[in-house]
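For reference, the chains in residue letters:
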Amino acid sequence: MTFIDQLQAATRDNASLLCVGLDPDPAKFPAHLKNDASRIHDFCAAIVDATADLVCAFKPQIAYFAAHRAEDQLERLVAHMRRAAPGVPVILDAKRGDIGATAEQYAIEAFERFGADAVTLSPFMGFDSVEPYLRRHGKGAFLLCRTSNPGGDDLQAQRLSSVAGQPLLYEHVARLAQGPWNLNGQLGLVVGATYPAEIARVRELAPTLPLLIPGVGAQGGDATATVRAGLRLQGDAITGPIVVNSSRAILYASAGDDFAAAARQAALKTRDQLHAARIG
Ligand SMILES: O=C(O)c1cc(=O)[nH]c(=O)n1[C@@H]1O[C@H](COP(=O)(O)O)[C@@H](O)[C@H]1O
């Protein structure tokens, strides 16, 4: 089953456009786990168990594991996800981007070591830095396009005077990903929920690509505007998929022993908001 097939199936089976982001920060853990980096796996596994039936994807952010020498815990966590949520694809948020030979090593890390179904990539170094990931048939690759942070404007909103029609850089990335770079239908784009007008523009340029949309929850993005701008349906069928990520607002919904139950409630609320926007 390809990443796209997995995503479509999980979206349908869990009636969900929500991705729970796993950005574990031991300083924010509840008292019995607080500041204990050896419990990163246990914290995340509890979140996975509490939300497995509410999500279309999980997105572990590699920096939160690597910073604490906890990559082995990430490996165990992915194994746990396969058992607890076998139908839910795993997007490794690594934002890699390097020359081809090095990219090949990053692809081994993402898809073999961590067993991810998809990965996030920076397209800044060009097609030959993306192509090694596309050799992994069926795996997904989300290219940063119009990111959720204010500084995204610094480069992504610059006009490219050398390209016909003078698009903005993020528009150019969207066109490349929908067209010539998408050799085997594996590409998607990252667009921030904090910029719904840009989500709509990216959707115009890339009508069928899956959009990974972080920025609801802690960053204040509007869930309803996000769905309206990004999701494309034909009848009940999704022709332009979206994966809406929320991390801190779900992981740290409670700082108490009830953190997993509180995460479930927060995920349920966001899942239902996204779903209501889809049918509303
Ligand atoms: O690629 C990403 O996932 C990403 C892209 C982007 O434009 N903005 C963004 O916030 N992210 C990631 O999405 C997550 C957002 O976390 P919260 O703000 O806590 O929901 C973090 O893991 C970020 O690294």
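Residues numbered from 1 in each chain as written. Predicted model: local features only at pLDDT ≥ 70, side-chain atom pairs only at ≥ 80, totals over all residues. Heavy atoms only, no water.

Novice: Would you mind going over the state of the cysteines in detail, with residue names and values included?
Specialist: Evaluation of the coordinates by the stated rule reveals zero disulfides. The thiol of C19 is not disulfide-bonded; the next cysteine sulfur, from C56, is found 6.2 Å away. Lacking any disulfide linkage, C145 is separated from the closest cysteine sulfur, that of C19, by 18 Å. Residue classification places C145 among the buried positions, given a relative accessible area of 1%. (Disulfide = S-S within 2.5 Å. Buried < 20%, exposed > 50% of the residue type's maximum accessible area, 1.4 Å probe, protein only.)

Novice: I'd like to hear about the UniProt feature "active site" (unreviewed entry) in the chain, residue by residue, with values.
Specialist: Under the local residue numbering, the UniProt record ascribes the feature "active site" (unreviewed entry) to K95. When you line up the elements, K95 lands in strand β3 (residues 91–96). Dropping the residues within four chain positions of it, K95 is found in contact with Q61, T120, L121, S122 and L144. A distance of 2.9 Å separates a polar atom in the side chain of K95 from a polar atom in the side chain of D93. (UniProt positions renumbered as here; feature names shortened; annotations may be inferred. Helix = DSSP H or I, 4+ residues; strand = E, 2+ residues; numbered from the N terminus. Contact = heavy atoms within 4.5 Å. Polar contact = N/O pair within 3.5 Å; in protein donor to acceptor, adjacent residues only side chain to side chain.)

Novice: Help me get a handle on the sheet that holds strand β7 (residues 211–214), residues and values and all.
Specialist: The eight strands are arranged β2-β1-β10-β7-β6-β5-β4-β3 in an open sheet whose pairing can be described as parallel. This sheet does not close on itself; its edge strands, each paired only once, are β2 (57–60) and β3. Here the strands of the sheet are splayed against their neighbours by 30° on average, with no regard to which way each runs. Two strands pair when backbone bridges link them, and strand β6 (residues 187–191) and β7 are joined in this way by two bridges, in the parallel orientation. Across the sheet, residue L189 finds its bridge partner in β7, namely L211. Lying over the sheet, helix α2 (residues 40–51) contacts β1 (18–22) and β2, oriented at roughly 170° with respect to β1. Packing of helix α10 (residues 223–230) onto the sheet brings it into contact with β7 and β10 (242–246), and relative to β10 it is tilted by some 160°. (Pairing = 2+ DSSP bridges. Axes fitted to C-alpha atoms, helices over the stretch in contact; angles between N-to-C directions.)

Novice: Would you mind going over the nonpolar core in detail, with residue names and values included?
Specialist: Counting residues in each nonpolar core, the largest one holds 79 residues, and the members touching the most others are L22, F43, F58, L77 and L189. Every residue in contact with L77, bar those within four places of it in the chain, is listed here: L22, H41, C44, A45, V48 and F65. Core analysis: the second largest hydrophobic core is formed by twelve residues, L7, F142, L144 and L212 among them. (Core = buried A, V, L, I, M, F, W, Y, C linked by side-chain atoms within 4.5 Å.)

Novice: Describe in detail the site of the ligand, supporting the description with residues and values.
Specialist: Surveying the vicinity of the ligand reveals 17 residues, the closest of which are D23, S148, Q219, S247 and R248. Separating an oxygen atom of the ligand from a side-chain N or O atom of Q219 is a distance of 2.8 Å. Only β3 and β10 provide two or more residues apiece to the shell around the ligand. Here the residues of the shell around the ligand are counted per class, giving five nonpolar, seven polar and five charged. (Near = heavy atom within 4 Å. Nonpolar A, V, L, I, M, F, W, Y, C, P; charged D, E, K, R; others polar.)

Novice: Describe in detail the side chain of S246, supporting the description with residues and values.
Specialist: Locating S246 in the fold gives a position in strand β10. Exposure remark for S246: the relative accessible area of 2% places this residue in the buried category. Ignoring sequence-local partners within four residues, the contact set of S246 consists of L18, C19, V20, G21, V216 and G217.

Novice: Pulling in residues and values, what's your account of the packing of helix α5 (residues 100–113) against helix α6 (residues 127–134)?
Specialist: In the contact formed by α5 and α6, the axes pass within 8 Å of each other and the chain directions differ by 35°. Note that α5 runs across α6; the crossing there is right-handed. Residues G100, A103, E104, Y106, A107 and F111 of α5 form the contact with α6, whose participating residues are D128, S129, P132 and Y133. Looking at the contact of α5 with α6 residue by residue, the class counts come to six nonpolar, two polar and two charged. (Left-handed = near helix turned anticlockwise from the far one by under 90°.)

Novice: Describe in detail unusual backbone geometry, supporting the description with residues and values.
Specialist: At N35, a position not held by glycine, the phi torsion is positive, near 60°. For N35, the position within the fold is in the loop between β1 and α2. The class of N35 is exposed, set by a relative accessible area of 57%.

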